[in-house]
Amino acid sequence: MPSAAEEMEALRRRALSCTDCELSRTRTHVVFGEGDPEADIVLVGEGPGEWEDRTGRPFVGRAGKLLEAVLREVGLKREELYITNIVKCRAATEVGGRLRNRPPRASEVKACRKWLEAQLRIIRPKVLVCIGGPAASLLLHKGFKMTEERGRWFTDTPYAPSAIAVLHPAYILRKEGEDFLRARELLVEDLTKVRRRLTEEP
Ligand code: URA
């Protein structure tokens, strides 16, 4: 039986040459995901942005830095988790000669979700964390409402025994002043719940 690490590496190699949607034409790197293939916790975002596309690593831009700071604050280490996205290649449109990130199209998600599903089958996490509404709508239920449902536990989901959705750090970064601090605090609260779910600390 191959180990989780071997299975993940074989999957990654296949994903690196994927041309199943248009995003493969404009990408610099496939941002497959990274971390411990036997992690208890998997974090899933929407898709790579500019810095992720340049480096081939998920959540390394401004949103990634905020996520990493909050993870550290609540006592979770990035390298102990597995972090990935719904789509593995950057979705962007050219506006005035510059590429601007855009949400991936339904057809792109449809073509790409096999990679995420295979990753989740290999890892079989105890806790799945959906970062932002798109991941929650795909993995928890259609039409997920972040304002009402973030921070709530979903149990016995197809991908993990416990799952939760948290605010996307890019959304938090678009806020200012008190609003920024309030939204950041919600992310701290929700990721604290995630850490406690594993240690079952009160
Ligand atoms: N936003 C995401 O959803 N994923 C990343 O990897 C980076 C930013």
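Structural data are supplied above this passage.
Computed from a predicted model, the values in this text were never measured in an experiment. (Residues numbered from 1 in each chain as written. Predicted model: local features only at pLDDT ≥ 70, side-chain atom pairs only at ≥ 80, totals over all residues. Heavy atoms only, no water.)

So, on to helix α1 (residues 4-16). Across its 13 residues, α1 extends 18 Å between first and last C-alpha, which sits within 8% of the 18 Å expected from 1.5 Å per residue. Inspection of α1 places Ala-4, Met-8, Leu-11 and Ala-15 among the buried residues, and these make up the whole buried set. Each buried residue of α1 sits inside an arc of 65 degrees when the element is viewed along its axis, so together they form one side. Along α1, exposed side chains directed more than 90 degrees from the buried face belong to Arg-13 and Arg-14. (Helix = DSSP H or I, 4+ residues; strand = E, 2+ residues; numbered from the N terminus. Expected span 1.5 Å × (residues − 1). Buried < 20%, exposed > 50% of the residue type's maximum accessible area, 1.4 Å probe, protein only. Arc of directions from axis to C-beta.)

To continue, consider the packing of helix α4 (residues 62-73) against helix α9 (residues 177-199). Geometry of a packed helix pair, given as the angle between the helix axes and the separation of the axes. Orientation of α4 relative to α9, taken along the N-to-C sense of each, is 50 degrees, at an axis distance of 9 Å. Between α4 and α9, the crossing angle belongs to the class labelled oblique. Between α4 and α9 the crossing geometry is right-handed. Where α4 approaches α9, its residues Leu-66, Leu-67, Ala-69, Val-70, Leu-71 and Glu-73 are matched on the opposing element by Arg-184, Leu-187, Val-188 and Leu-191. Grouping the constituent residues of the contact of α4 with α9 by class yields eight nonpolar, no polar and two charged. (Axes fitted to C-alpha atoms, helices over the stretch in contact; angles between N-to-C directions. Parallel < 35°, antiparallel > 145°, perpendicular 65-115°, else oblique. Left-handed = near helix turned anticlockwise from the far one by under 90°. Contact = heavy atoms within 4.5 Å. Nonpolar A, V, L, I, M, F, W, Y, C, P; charged D, E, K, R; others polar.)

To continue, consider the nonpolar core. The biggest cluster of nonpolar side chains holds 56 residues, and the ones touching the most others in it are Leu-43, Leu-128, Val-129 and Leu-191. The element contributing the most residues to this core is helix α5 (residues 106-123), with eight residues. (Core = buried A, V, L, I, M, F, W, Y, C linked by side-chain atoms within 4.5 Å.)

Moving on: unusual backbone geometry. The phi angle at Arg-124 is positive, at roughly 45 degrees, despite the residue not being glycine. Of note, Arg-124 is situated in the loop between α5 and β6 (127-131). Phi angles above zero are rare outside glycine, and Asp-156 is one such case at about 50 degrees. In this structure Asp-156 comes out as exposed when scored by relative accessible area, which is 68%.

Below, the discussion takes up the layout of surface pockets. Here the largest pocket is characterised by a volume of approximately 1000 Å³. Lining of the largest pocket is provided by 37 residues; of these, Ala-63, His-168, Ala-170, Tyr-171 and Arg-174 occupy positions nearest its centre. Elements supplying a minimum of two residues to the lining of the largest pocket: α3 (50-55), α4, α6 (133-139), α7 (146-149), α8 (169-173) and α9. Residue classes in the lining of the largest pocket are distributed as 17 nonpolar, 10 polar and 10 charged. (1 Å grid on protein atoms, 1.4 Å probe; cavity = no way out; pocket = protein on both sides within 12 Å on 5 of 7 lines; lining within 4 Å. Points joined across faces, edges and corners; volume = space filled by probe spheres on them.)

Further remarks concern the pattern of salt bridges. In total, this model carries 17 salt bridges according to the counting rule given. Between Glu-34 and Arg-57 there is a salt bridge; the shortest N-O distance is 2.8 Å. Of the two residues, Glu-34 sits in strand β1 (residues 34-35) while Arg-57 sits in the loop between α3 and α4, which places them 23 residues apart along the sequence. Looking at Glu-34, the relative accessible area reads 23%, which means it is partly exposed. Arg-57 sits in the partly exposed class, given a relative accessible area of 37%. Overlapping salt bridges, with partners in common, bring together Glu-34, Arg-57, Glu-68 and Arg-78 in one network. (Salt bridge = Lys/Arg side-chain N within 4 Å of Asp/Glu carboxyl O.)

Looking now at the site of the ligand. Surrounding the ligand, one finds Gly-45, Glu-46, Gly-47, Glu-52, Pro-58, Phe-59, Asn-85 and His-168. Contact between the ligand and Asn-85: a nitrogen atom at 2.7 Å from a side-chain N or O atom of the residue. Taking a 2 Å distance to the grid points as the criterion, the majority of the atoms of the ligand fall inside the largest pocket. Among the residues forming the shell around the ligand, the class breakdown is two nonpolar, four polar and two charged. (Near = heavy atom within 4 Å. Polar contact = N/O pair within 3.5 Å; in protein donor to acceptor, adjacent residues only side chain to side chain. Sits in = over half its atoms within 2 Å of the grid points.)

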